[in-house]
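What follows is each chain in one-letter form.
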Amino acid sequence: MSKSSHRDPLSDTQLRVKALESVLLEKGVVKQETLDAIIDNYENKVGPHIGASVVAKAWTDPDFKSRLLENASDTLAEMGLSGIEGTHVEVKENTAELHNMVVCTLCSCYPWTLLGLPPTWYKSTPYRARAVRDPRGILAEFGVKMSENVEVRVWDSNAEIRYLVLPIRPAGSEGLGEDELAELVTRDSMIGTAVVEMN
Ligand code: FE
């Protein structure tokens, strides 16, 4: 739960979470320390910087990239990137001919381990409904003008499979090292609603 000021009334979801939390604590199902560790993990440790470092490594290490595209789950597990919401991941590579975009039409499945918590728009009904029907329209709204020559492929996540887009390495980034490259990689570029650009 994110911190909110005392003036803000709690939302329905926050109230439900609080109620659930106190019942679980009261019944001894979970310990406060465990909850704190989980919250700390998603608020401070897990985030798009993890996916970005994976992308930067794939851009600079061809062997890693082929293993990642072949079997992302095992390759990420070797890096200690597995566990909740990241168990089965597939990486889809963008090329000059193909642009990949990720959605969860049913709910909001997302590779938490690599990207942290999903943005609100990812969970919204308009995105989920339109991503499949009109991916180019969605891309345009995100400011991405995709040429008609580029095929746009949409991947529908589910409880079993999560997707990460491997964006195209931007032109002009040849001299950059892995850490500098990782800084260019945005969350949205790994969902496929943005492309990576030089700063
Ligand atoms: Fe889902």
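From a predicted model like this one, the values you see are computed outputs, not experimental measurements.

(A) Expanded view of the nonpolar core. In terms of nonpolar packing, the biggest core is built from 42 residues, with Leu 68, Leu 76, Leu 114 and Tyr 127 touching the most fellow members. The element best represented in this core is helix α3 (residues 48–60), accounting for seven residues. Not counting residues within four places of it along the chain, the set of residues in contact with Leu 76 comprises Val 54, Leu 68, Leu 81, Val 89 and Leu 114.

(B) Just the packing of aromatic side chains, in detail. In the structure shown here, the tally under the stated rule is six aromatic pairs. Pairing Trp 121 with Phe 142 gives two aromatic rings, centres 4.7 Å apart and planes at 65°, and the pair type is edge-to-face. Here the residue Trp 121 occupies a position in helix α7 (residues 120–123), and Phe 142 occupies one in the loop between α9 (135–141) and β3 (151–156), the gap between them amounting to 21 residues. Note on Phe 142: relative accessible area 31%, which makes it partly exposed. Where Tyr 122 meets Tyr 127, the ring centres are 5.8 Å apart and the plane angle is 35°; that geometry is what we call tilted. We classify Tyr 122 as buried; its relative accessible area is 0%. For Tyr 127, a relative accessible area of 4% corresponds to the buried category. Here the aromatic cluster, defined as three or more aromatic residues joined through ring pairs, consists of Tyr 110, Trp 121, Tyr 122, Tyr 127 and Phe 142.

(C) Spotlight on the coordination of the iron ion. Taken together, the protein ligands of the iron ion are Cys 104 (SG), Cys 107 (SG), Ser 108 (N), Cys 109 (N) and Cys 109 (SG), with distances of 2.1 to 2.7 Å. When the donors of the iron ion are listed by position in the chain, the intervening gaps give C-x2-C-S-C.

(D) Spotlight on the environment of Ser 22. As for its position among the elements, Ser 22 is in helix α1 (residues 12–26). On the basis of relative accessible area, Ser 22 is assigned to the partly exposed category, the value being 35%. Residues Ser 22 and Ala 159 lie 137 residues apart in sequence; the distance between their C-alpha atoms is 27 Å.

(E) Representation of the packing of α3 against helix α4 (residues 62–70). For the pair α3 and α4, the least separation of the axes is 5 Å and the interaxial angle reads 120°. Judged on the interaxial angle alone, α4 and α3 are oblique. Where α3 crosses over α4, the handedness of that crossing is left-handed. Every residue of α4 that contacts α3 at Val 54, Lys 57, Ala 58 and Thr 60 is listed here: Pro 62, Phe 64, Lys 65 and Leu 68. Residue composition of the contact of α3 with α4, by class: five nonpolar, one polar and two charged.

(F) Structural detail: the pattern of salt bridges. Per the stated rule, a full pass over the model turns up ten salt bridges. Here Glu 78 ties to Arg 67 by a salt bridge, and the two come within 2.9 Å at their closest N and O atoms. One end of the pair, Glu 78, is in helix α5 (residues 72–78); the other, Arg 67, is in helix α4, and eleven residues separate them in sequence. Given a relative accessible area of 60%, Glu 78 falls into the exposed group. The class for Arg 67 is partly exposed, based on a relative accessible area of 33%. For Asp 188, the salt bridge identified is with Arg 187, shortest N-O distance 3.0 Å. When its relative accessible area of 28% is taken as the criterion, Arg 187 is described as partly exposed. It is possible to trace a salt-bridge network through shared partners that takes in Asp 63, Arg 67 and Glu 78.

Rules and cut-offs
- Residues numbered from 1 in each chain as written.
- Predicted model: local features only at pLDDT ≥ 70, side-chain atom pairs only at ≥ 80, totals over all residues.
- Heavy atoms only, no water.
- Core = buried A, V, L, I, M, F, W, Y, C linked by side-chain atoms within 4.5 Å.
- Buried < 20%, exposed > 50% of the residue type's maximum accessible area, 1.4 Å probe, protein only.
- Helix = DSSP H or I, 4+ residues; strand = E, 2+ residues; numbered from the N terminus.
- Contact = heavy atoms within 4.5 Å.
- Phe/Tyr/Trp six-rings, centres within 6.5 Å; stacked < 30°, edge-to-face > 60°.
- Donors = N, O, S within 2.8 Å, 3.2 Å for Na, K, Ca; no water.
- Axes fitted to C-alpha atoms, helices over the stretch in contact; angles between N-to-C directions.
- Parallel < 35°, antiparallel > 145°, perpendicular 65-115°, else oblique.
- Left-handed = near helix turned anticlockwise from the far one by under 90°.
- Nonpolar A, V, L, I, M, F, W, Y, C, P; charged D, E, K, R; others polar.
- Salt bridge = Lys/Arg side-chain N within 4 Å of Asp/Glu carboxyl O.

Shape is all these values report; function is a separate question.
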